[in-house]
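Below are the chains, spelled out letter by letter.
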Amino acid sequence: MNLAKCASFLITLFVILVVGDCIRVICRISPCPKTNPPLPIETVFQLPSSLPIWPSGTGFATASVSLGDLRVSEATEFDVVWRTRSGGPDNLGATFFEPSTVDIAQGYAVLGYHSQPNNKRFSGRSVVAYDDLNGNIKAPVDYISLWNSLSFEIDQDGIGFIWLPKCPDGYKALGHVVTNSTQKPSPDKIRCVKAELTEQCEHYKWIWGAEGFNVYTIRPSNRGTQAMGVHLGSFVAQVGGVMSDIACLKNTKSDLSAMPTLDQLKPLIDAYAPWVFFHPDEKYRPATVEWFFENGGLLYKKGDEANPVTILPDGSNLPQGGSDDNAYWLDVPPDSDARDNLERGDLAKAKVYVHVKPMFGATFTDIVIWMYYPFNGPATIKFRIFNIKADHLGEHTGDWEHVTLRVNNFNGELQSIYLSEHSGGTWVDATDIEFQDRNKAAVYASKHGHAFYSKPGLVLDGSDGIGLRNDCEKADLYLDTGFFYTLLSAEYLGTAVVEPPWINYSRKWGPRAAIYIQDEFEKIMKRLPKFLRSPFRRVFYKLPIKILEEEGPTSIKTKSSWYGDEI
Ligand SMILES: *[C@@H]1O[C@H](CO)[C@@H](O)[C@H](O)[C@H]1NC(C)=O
Ligand SMILES: *[C@@H]1O[C@H](CO)[C@@H](O)[C@H](O)[C@H]1NC(C)=O
């Protein structure tokens, strides 16, 4: 350090100390205002890249959606009405928003206020309805004062008052009003909707709560491609165990005009299809179904196991329809080389299969990315600091996994993604996605089991450091699914997308796994050092082995999420 640098360092240090001291002295004389650290909610979430310009269509991403009798849109601006700073997820509190009337396009009316926990960036939406003055929507006749935070010793900005609109006969409330003063809100704050244009709603995710008061997000009770309930972005309050009666909207004429057209699907898939990262040690990689058929995949028939049949590349000689009655199944050939080759898959030529379907009364599009693996490898058990590789536990021929992209049809934005994990799965909000390339998510397939996760690392199915391992890693082994896909099915487009014959094969894609848990256990015991055997014996049967029992899964079309919502 030369002299000049040293001097400037000392001067800086001196200034910091003196200024800091002065502030401390001033603050003692007149108390300084409390500055709260910024909360995640104070930042508005945005997708990392701008959206493409969609080819023109029938109504997708045009900001307004026709629900038959009612035209709806989304508020894009919100004012904060009240904020708590503790309680709720991560104990960070929640914020209550009023859809801002200045931004609601002319003639649109608010149907419900919005609330979100403070632990995530703001990604709120609130559906507003166009009032064509023909009596489909009406102002409330009064408000019921449901709850307020006056007597609550909570960390909050101001005081919050939650109101339930009292609707005219034959009309229903679709959300609450929130104010920050004791005064009853004006009837102009919200609208009720004619009961025939609504559907039953249910509470979903917890937003916040304090002593007998809770608020939740809502969603239609009945969900799926044929269900017409519309998700509004409003919340429902529960006071003293009583859930308020809040309805959802309904697409009364099953109007599909907000769904993307065939021309709009390609840019949509290009925009959001994820990159799938495989574990660098993944031996059992994905392939196309066609590759599996052409390279030795066989159709077995019960009672004639000695004469399996070669499958045509498009699967047209597979039995169609019927139920999963174990009369047929697919398998790899008995010859061990051919078998080994098939089990490893063919990542270089692998493709995903895309199924597109309407959700929430066609106000959302679900783009389901199906991935096929000829083989699901054996599990690894974590037993404290030891990793015990099972020989066959968890193995099965034929493994179907999927990621669902949920896209908002008002603005074309990706809202969340669903990741299949063994027999269940999880939703990940767009705010929590790791974006890999523009608006494409990075998702991770676990080693051997191929469960999808949103982050690399270890997820243990079990507890106290004992369980089944799901290992994910970000390395060079990946598939950019936007480049390698086949449009498999889009029933809402009529005959525009032709399904391959193998889609209607409804039996198993692998034989019934003949895993004898007892055998597996004894084999592992023999390999373990003596001192570990009895502690291992105590935990083995408590492992969540059930989640591995996805033996040779049946056709993707027979899964409940094909027509229904994800779990
Ligand atoms: C009270 O709520 C209104 C919106 O209804 C908002 O504009 C105002 O900023 C709020 N006041 C405080 C102190 O938060
Ligand atoms: C699959 O089955 C459905 C319903 O039975 C039928 O409409 C469709 O045409 C079939 N698809 C193929 C490719 O055979």
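As recorded in an unreviewed UniProt entry, the protein goes by the name Vacuolar protein sorting-associated protein 62, listed as coming from Quercus rubra.

> How should I be thinking about the domain arrangement of the protein in this particular structure?
Often, the extent of an interface is quoted as the loss of accessible area on bringing the components together. What the domain assignment lists for the protein is domain 1 (63-250) and domain 2 (262-562). Using C-alpha coordinates to define each centre, domain 1 is positioned 38 Å away from domain 2. Residue-level contacts link 23 residues of domain 1 with 16 residues of domain 2. A per-residue breakdown of the area domain 1 buries against domain 2 is headed by Val 65, Lys 120 and Thr 225, which together make up 29% of the total. Joining domain 1 to domain 2, the criterion identifies 3 salt bridges. Here Asp 429 makes a salt bridge to Lys 205, at a shortest N to O gap of 3.8 Å. Along the contact surface separating domain 1 from domain 2 lie 6 residue pairs in polar contact (both at pLDDT 80 or more). With 3 residues, strand 2 (residues 71-74) is the single largest residue contributor to the side of domain 1 that touches domain 2.

> I'm lost on the state of the cysteines in this one. Help?
Covalently bonding the sulfur atom of one cysteine to the sulfur atom of another cysteine gives a disulfide. Enumeration over the complete set of coordinates arrives at 2 disulfides. Each sulfur in the disulfide pair Cys 201 and Cys 248 lies 1.9 Å from the other. Between Cys 201 and Cys 248, the S-S dihedral sits near 45°, and the bridge is therefore right-handed. Here Cys 248 lies in strand 21 (residues 248-250) and Cys 201 lies in strand 16 (residues 201-210), a separation of 47 residues in the sequence. With relative accessibility at 0%, the residue Cys 248 sits in the buried group.

> What am I meant to see in the packing of aromatic side chains here?
For any pair of aromatic rings, the description rests on two quantities: the centre-to-centre distance and the angle between the ring planes. Tallied over the entire structure, the rule returns 40 aromatic pairs. Ring centres of Trp 147 and Phe 213 lie 3.8 Å apart, and the angle between their planes is 5°; on these two criteria the pair is classed as stacked. Highlighted residues: Trp 147 in strand 9 (residues 142-148) and Phe 213 in strand 17 (residues 213-220), separated in sequence by 66 residues. When its relative accessible area of 9% is taken as the criterion, Trp 147 is described as buried.

> Would you take a moment to explain the site of ligand 1 for this structure?
The environment of ligand 1 is made up of Val 80, Val 81, Glu 98 and Asn 180. Take Glu 98: an N or O atom from its side chain is 2.6 Å from an oxygen atom of ligand 1. In this structure, Asn 180 approaches ligand 1 through a side-chain N or O atom, which is 2.4 Å from an oxygen atom. Protein contacts shield 46% of the accessible area of ligand 1, which totals 360 Å² for the unbound molecule. Classifying every residue of the shell around ligand 1 by side-chain character gives 2 nonpolar, 1 polar and 1 charged.

> How do you make sense of the environment of Trp 208 when you look at a structure like this?
Within the secondary structure layout, Trp 208 lies in strand 16. Once residues lying within four places of it in the same chain are set aside, the contact partners of Trp 208 are Trp 82, Thr 84, Ser 86, Gly 87, Gly 88, Gly 93, Ala 94, Trp 147, Ile 154, Phe 213, Asn 214 and Val 215. Looking at Trp 208, its side chain comes within polar contact range of the side chain of Thr 84, at 3.1 Å. One polar contact links the side chain of Trp 208 to the main-chain carbonyl oxygen of Ser 86, over a distance of 2.7 Å.

> Is there a simple way to think about the sheet that holds strand 19 (residues 235-239) in this case?
Sheet strands pair by backbone hydrogen bonding; their relative direction is either parallel or antiparallel. One open sheet accounts for 4 strands, arranged 16-17-19-20; its pairing is antiparallel. Among the strands making up the open sheet, the edge pair consists of strand 16 and strand 20 (242-243). Alignment of strand 19 against strand 20, held across 2 bridges, turns out to be antiparallel. Directly across from Gln 238, in strand 20, lies its bridge partner Met 243.

> I tried to follow the site of ligand 2 on my own but got confused; where do I start?
What surrounds ligand 2 is the set Gln 320, Glu 499, Pro 500, Pro 501, Asn 504 and Lys 557. Within the side chain of Asn 504, an N or O atom sits 2.3 Å from an oxygen atom of ligand 2. The class makeup of the residues in the shell around ligand 2 is 2 nonpolar, 2 polar and 2 charged.

> I tried to follow the packing of helix 5 (residues 517-527) against helix 6 (residues 530-540) on my own but got confused; where do I start?
Two quantities define a packed helix pair, namely the angle between the helix axes and the distance between the axes. In contact at an axis separation of 10 Å, helix 5 and helix 6 are set at 155° when each is read in the N-to-C sense. Here helix 5 lies roughly antiparallel to helix 6, going by the angle between them. In this structure, helix 5 crosses over helix 6, and the sense of that crossing is right-handed. Between helix 5, through Ile 517, Phe 521, Ile 524, Met 525 and Lys 526, and helix 6, the contact on the second element is made entirely by Arg 533, Phe 536, Arg 537 and Phe 540. For the contact of helix 5 with helix 6, a count of residues per class yields 6 nonpolar, no polar and 3 charged.

Rules used throughout
- Residues numbered from 1 in each chain as written.
- Chains lettered and ligands numbered in written order.
- Predicted model: local features only at pLDDT ≥ 70, side-chain atom pairs only at ≥ 80, totals over all residues.
- Heavy atoms only, no water.
- Domains from an automatic or database assignment.
- Contact = heavy atoms within 4.5 Å.
- Buried area = accessible area lost by both parts, 1.4 Å probe.
- Salt bridge = Lys/Arg side-chain N within 4 Å of Asp/Glu carboxyl O.
- Polar contact = N/O pair within 3.5 Å; in protein donor to acceptor, adjacent residues only side chain to side chain.
- Helix = DSSP H or I, 4+ residues; strand = E, 2+ residues; numbered from the N terminus.
- Disulfide = S-S within 2.5 Å.
- Buried < 20%, exposed > 50% of the residue type's maximum accessible area, 1.4 Å probe, protein only.
- Phe/Tyr/Trp six-rings, centres within 6.5 Å; stacked < 30°, edge-to-face > 60°.
- Near = heavy atom within 4 Å.
- Areas by Shrake-Rupley, 256 points an atom, 1.4 Å probe, with all protein chains shown as cover.
- Nonpolar A, V, L, I, M, F, W, Y, C, P; charged D, E, K, R; others polar.
- Pairing = 2+ DSSP bridges.
- Axes fitted to C-alpha atoms, helices over the stretch in contact; angles between N-to-C directions.
- Parallel < 35°, antiparallel > 145°, perpendicular 65-115°, else oblique.
- Left-handed = near helix turned anticlockwise from the far one by under 90°.

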